[in-house]
Amino acid sequence: MSTVTPNANAASEEAVRQVPDAQGRFGQFGGRYVPETLTRALEELTLEYAKAKQDPDFQAELNELLHRFVGRPSPLYHAARLSKQLGGAQIWLKREDLNHTGAHKINNTLGQALLTLRMKKTRVIAETGAGQHGVASATACAHFGLPCVVYMGAEDVRRQKPNVFSMRLMGAEVRPVESGSRTLRDAVNEAMRDWMSSVEHTHYIIGSVIGPHPFPMMVRDFQSVIGRECREQCLSSFGKLPDTIVACVGGGSNAAGMFYPFVEDRSVRMVGVEAGGRGAAPGDHASPLTYGSPGVLHGSYSYVMQDDDGQTSDVHSMSAGLDYPGVGPEHSYWKDASRVEYTSCRDDEALGAFDFLARNEGILTALETCHAVAKATEIAKTMSPDQHLVICLSGRGDKDAAELARLRGQEW
Amino acid sequence: MTAIDDLFTRLRASGKKALMPFITAGDPNLPFTSKVLLRLQELGCSMAEVGIPYSDPIADGPVIQASYTRALANKVKLDQIFHQIAETRRSLSMPLVSMVSYAIIHRHGPTRYIESAKAAGFSGAIVPDLLVEESAQFAKLCRERDFNLVQLVTPTTPQDRALKIAEQSSGFLYFVSVTGITGERTQLPEGLIDRVGWLRERTNLPICIGFGISKPEHVRLLSPVCDGLIVGSAIVRCLEKACESEANAIASASELVSSLLAALES
């Protein structure tokens, strides 16, 4: 390609894949905004992860676990009935809900649990919102015989009870967090505080692409198995790359894992869907990329919901996993580079998508994932039947049955 | 040269050490914060650290977290804090340093933060979530405006890194005594005195020790190796009672501070 004038797009195209830099910066986003106490552990983790990434034994062990313990590769399923109903693009579901523990979270926890052992740390802590990351952490720890403490907002303990019970069954200690909004954000705060005191022998398995460097990069890498598989499966199923990919975004780990391997494929349109909650008014949603602005939260610089004084705003989503005021820094980078489109979907639209997928395909989908499904069905209708749209079906909906009944005033 | 630089020059010349209480601005309201600051000066504290309430303080234990929550529940804003401090400043001769999250500094704009804080009468800032790697730009803005940026060294900081932090810090160096969050401790970790001593031989910057310090014996033990001691949670806990009786809260904090000052003199 020859152009006379400098092409800003070409420069940003080239840059999009080469992140983060050594300081953990995705463009201006990311970095490390944490107390000095945690620096040594973050440095150690960065070094150990870099070594593990190059170590064929580590990769082989992780791949074996992903295959035989998790059940990967997860299928890419053609939702033919759904596609026909909508009359637009062919809809394909990347079935992360079929993984062991029922969501994509296990891809990351097994990787980080292996790193915990490599660093000779003897205890694991984790935060969780919907409980899927908590369950995946408890599972990885039970598998390797590591003690595990999971911090979970008291409100989330209430609305995701089945996952709390599962974690305890696998020997994890679930500590309800009563401070602040009693949701995911407060669970992250408590886990960080635990880590401040226990950092010398404890690894903190962060469950999303958030937090200080190297977490956003490392969690993205562990989750990228989703996008790598999906890419191959698209080529073998319909002979080309998909036209559009849609994923939900809370902290953004399933979306980052799905999008990352497609970032350089400029023909692929990618859409991230945040929690629109009850509407656009402050406090009614959890959509920092849609309504927020760049700021510092939980160790990195990224879009965030904050008031004009820098205090974190209250957010709302009916889904515990998306009920978070921040988002991973790489999403902020992709947004500003216009590589990924971000939009939001209200609680009621997501609930509608739950029913639609349940009745047309026989799949109960996690409330988080329903946000992606709702937006994807809208987009699919604007596309033609010879086009292909992939939804990252990040989690299954069994955990939400009781909460759904409560939201609808039905008996469970 | 800031008021903090000046203070430590004077203290060193006379062989004295600083006691630096930490209080939370606006807990439970701003007029009370002013009363407490005036009382601390009257008791003989060399300077004070004023915590700017933040919604997500990950380095703080339950006592300081709760004080931030109380202040924010009353909707205290940074501009109001600066306004109140500016009013009180006229009756205060001791230097003040703000303890503030970078989340707040970023939202207000680093230059605006420094200039407003300085105009209100703060001589510097401690920014617990701004690591030395991330601080170059902010440190430069501080230097240009003769405003101290106090950086922290912790037990997990390797020696070469501690030296680098000491080079970048101004006013004083905040030596965190324990691996953990703020809060009173019965015992302080072994090796603390040696670690502070090692660093003190290698920097001219005054060193103040904080986190976990709450008892006269801590003060007696640590004051010989440092330039000052920071006491936070123990004082904030005394001041919690202000919701019921301001007089009792101030009396209880005064008693604690007096006992710590007496230990410093002995």
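Above: the structure in question.
Residues numbered from 1 in each chain as written. Chains lettered and ligands numbered in written order. Predicted model: local features only at pLDDT ≥ 70, side-chain atom pairs only at ≥ 80, totals over all residues. Heavy atoms only, no water.

## Some details on the overall build of chain A
Then step 1. Within chain A, the secondary structure is distributed over 17 helices and 14 strands.
Then step 2. Expected size for 412 residues packed as a compact globule is a radius of gyration near 22 Å; at 20 Å, chain A falls within 12% of this value.
Then step 3. Viewed in the frame of its principal axes, chain A has a C-alpha envelope of about 65 × 55 × 50 Å.
Then step 4. In chain A, buried positions account for 65% of the 412 residues.
Then step 5. Of the roughly 14500 Å² of accessible surface on chain A, a fraction of 50% belongs to carbon and sulfur atoms.
Then step 6. Of note, chain A has its 42 positive side-chain charges centred 3 Å away from the centre of its 50 negative side-chain charges. (Helix = DSSP H or I, 4+ residues; strand = E, 2+ residues; numbered from the N terminus. Rg over C-alpha atoms; globule rule 2.2 N^0.38 Å. Buried < 20%, exposed > 50% of the residue type's maximum accessible area, 1.4 Å probe, protein only. Areas by Shrake-Rupley, 256 points an atom, 1.4 Å probe, with all protein chains shown as cover. Lys, Arg positive; Asp, Glu negative; His and termini not counted. Charge placed at Lys NZ, Arg CZ, Asp CG, Glu CD.)

## Looking at the environment of A320(A)
Residue and element names in this part refer to chain A.
Then step 1. With respect to the helices and strands, A320 occurs in the loop between β12 (299-304) and α14 (329-336).
Then step 2. On the basis of relative accessible area, A320 is assigned to the buried category, the value being 2%.
Then step 3. Along the backbone, A320 and A140 are 180 residues apart, and their C-alpha atoms lie at a distance of 22 Å.
Then step 4. Here A320 is in contact with G129, A130, D156, R159, Q160, L184 and E368, once residues within four sequence places are set aside. (Contact = heavy atoms within 4.5 Å.)

## Regarding the nonpolar core
Then step 1. Residues F172(B), Y174(B) and I209(B) are the most contacted members of the largest nonpolar core, which totals 197 residues.
Then step 2. Residues within four places of F172(B) in sequence aside, it is in contact with I4(B), F8(B), M20(B), M47(B), I126(B), V150(B), Q151(B), L205(B), P206(B), C208(B) and I230(B).
Then step 3. Counting residues in each nonpolar core, the second largest holds 36 residues, with L86(A), V246(A), I363(A) and A376(A) among its members. (Core = buried A, V, L, I, M, F, W, Y, C linked by side-chain atoms within 4.5 Å.)

## Overview of the interface of chain B and chain A
Then step 1. In this assembly, 35 residues from chain B lie in contact with 34 residues from chain A.
Then step 2. A combined buried area of about 3000 Å² lies between chain B and chain A, and 48% of that area is made up of carbon and sulfur atoms.
Then step 3. There are five salt bridges connecting chain B and chain A.
Then step 4. Across the pair D308(A) and K77(B) runs a salt bridge, and its minimum N-O distance is 3.1 Å.
Then step 5. In this structure, the connection of chain B to chain A is made through 23 residue pairs in polar contact (both at pLDDT 80 or more).
Then step 6. Put simply, the parts of the chain that give the side of chain B that touches chain A at least two residues each are α3 (62-73), α5 (102-108), β6 (152-153) and α8 (159-168) of chain B.
Then step 7. Per element, the largest residue contribution to the side of chain B that touches chain A is six residues, and it comes from α5(B). (Buried area = accessible area lost by both parts, 1.4 Å probe. Salt bridge = Lys/Arg side-chain N within 4 Å of Asp/Glu carboxyl O. Polar contact = N/O pair within 3.5 Å; in protein donor to acceptor, adjacent residues only side chain to side chain.)

## Some thoughts on a nonpolar patch on the surface
Residue and element names in this part refer to chain A.
Then step 1. Taken together, the side chains of F165, L169 and M170 define a hydrophobic patch exposed on the protein surface, amounting to about 330 Å² of accessible area.
Then step 2. Along the chain, the position of F165 falls in helix α8 (residues 161-169).
Then step 3. Under the relative-accessibility criterion, F165 is labelled exposed at 56%. (Patch = residues over 30% accessible without salt bridge, like charges linked within 9 Å, V, L, I, M, F, W, Y side chains within 5 Å.)

## Examining the environment of L92(B)
All names here are of chain B.
Then step 1. Summarising the element assignment, L92 is placed in the loop between α4 (78-89) and β3 (96-99).
Then step 2. Note on L92: relative accessible area 7%, which makes it buried.
Then step 3. Here L92 is in contact with L37, L38 and Q41, once residues within four sequence places are set aside.

## Observations regarding the pattern of salt bridges
Residues and elements named next belong to chain A.
Then step 1. Taken as a whole and assessed by the stated rule, the structure comprises 54 salt bridges over all chains.
Then step 2. Across the pair D221 and R220 runs a salt bridge, and its minimum N-O distance is 3.0 Å.
Then step 3. Between E403 and R406 there is a salt bridge; the shortest N-O distance is 3.0 Å. A residue pair is termed a helical-turn pair when its members lie 3 or 4 positions apart in one helix, as E403 and R406 do in helix α17 (residues 401-407) at three residues.
Then step 4. For E403, a relative accessible area of 5% translates into the label buried.
Then step 5. Through salt bridges that share partners, E48, K51, D55 and R118 make up one connected network.

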